[in-house]
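Structural description and commentary
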Amino acid sequence: SQELEQSPQSLIVQEGKNLTINCTSSKTLYGLYWYKQKYGEGLIFLMMLQKGGEEKSHEKITAKLDEKKQQSSLHITASQPSHAGIYLCGADIGAGGTSYGKLTFGQGTILTVHP
Amino acid sequence: EAGVAQSPRYKIIEKRQSVAFWCNPISGHATLYWYQQILGQGPKLLIQFQNNGVVDDSQLPKDRFSAERLKGVDSTLKIQPAKLEDSAVYLCASSLDQGTRGYTFGSGTRLTVV
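Residues numbered from 1 in each chain as written. Chains lettered and ligands numbered in written order. Predicted model: local features only at pLDDT ≥ 70, side-chain atom pairs only at ≥ 80, totals over all residues. Heavy atoms only, no water.

Comments concerning the overall build of chain A
Helix and strand content of chain A: zero helices and eleven strands. Tracing chain A from N to C terminus, the helices and strands come up as β-β-β-β-β-β-β-β-β-β-β. Expected size for 115 residues packed as a compact globule is a radius of gyration near 13 Å; at 14 Å, chain A falls within 12% of this value. Across its three principal directions, the C-alpha atoms of chain A cover 50 × 30 × 20 Å. (Helix = DSSP H or I, 4+ residues; strand = E, 2+ residues; numbered from the N terminus. Rg over C-alpha atoms; globule rule 2.2 N^0.38 Å.)

Overview of the sheet that holds strand S7 (residues 61–66) of chain A
Residue and element names in this part refer to chain A. Taken in spatial order, the five strands line up as S1-S3-S8-S7-S6 in an open sheet, and their pairing is antiparallel. Unpaired on one side and paired on the other, strand S1 (4–7) and strand S6 (55–58) mark the two borders of the sheet. Adjacent strand axes in the sheet meet at a mean angle of 15 degrees, parallel and antiparallel pairs treated alike. Relative to strand S3 (residues 19–25), S1 runs antiparallel, the two sharing four bridges. Its bridge partner lying in S3, Gln-6 is registered against Cys-23. (Pairing = 2+ DSSP bridges. Axes fitted to C-alpha atoms, helices over the stretch in contact; angles between N-to-C directions.)

Topic: the packing of aromatic side chains
All names here are of chain A. The full count for this structure, using the stated rule, is twelve aromatic pairs over all chains. Ring geometry for Tyr-35 versus Phe-45: centroids 6.0 Å apart, planes at 70 degrees, classification edge-to-face. A residue pair is termed long-range when its members are at least 10 positions apart, and Tyr-35 in strand S4 (residues 28–37) and Phe-45 in strand S5 (residues 43–49) qualify at ten residues. Under the relative-accessibility criterion, Tyr-35 is labelled buried at 1%. (Phe/Tyr/Trp six-rings, centres within 6.5 Å; stacked < 30°, edge-to-face > 60°. Buried < 20%, exposed > 50% of the residue type's maximum accessible area, 1.4 Å probe, protein only.)

Observations concerning the side chain of Gln48(B)
Mapping Gln48(B) onto the fold places it in strand S5 (residues 44–50). Relative accessible area serves as the criterion here: at 1%, Gln48(B) is assigned to the buried category. Setting aside its immediate chain neighbours within four residues, Gln48(B) contacts Tyr100(A), Gly101(A), Lys102(A), Thr31(B), Leu32(B), Tyr33(B), Gly53(B), Val54(B), Val55(B), Asp56(B) and Gln98(B). (Contact = heavy atoms within 4.5 Å.)

Here's what the structure looks like:
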């Protein structure tokens, strides 16, 4: 099984609708990163979360970290066509009280927003 | 500060040819990572360097892939010979010290093997 599970794998919404993407780790989280990507291109950094209960927002995108559940969610309010793309969560995971010092990624969520 | 530089941006080669990708990390970043992202999947770590030493290359297909970071600064990833399944985006990232203060990614190199 994957160390980092992302859901859903794809999402199609109507413009103006809210949506949530989840990311769950099977190991201890030392940091959780959200990225956006256009098909075949590099990663665009969105947000980094490090502490349990932490919540960050940028424009209409909010990310939260639930350390106990080893889970993060990315919420987009009033989606727009410009939000379309691939969303990736990357986690700094570890064991025995130590981070592995590298990012492990989920499978990605493909978001389509219909105008 | 300048970001992580990667070149080329795009490359198309025939199978069995060789190809090399270059990455220049952020100045002062000790840790450098190469990831392979097959389209439709999340990035997978190929190799992690700490200065000029290899920390993790457990997922690098060593029969055809090689990477070096000779002076502990820029790095080259090579594929020889390339296979169709090597078609992917190759991402380079760096961090100050194994994730300290986050990770910065380059724009990636999109490789198509025909």
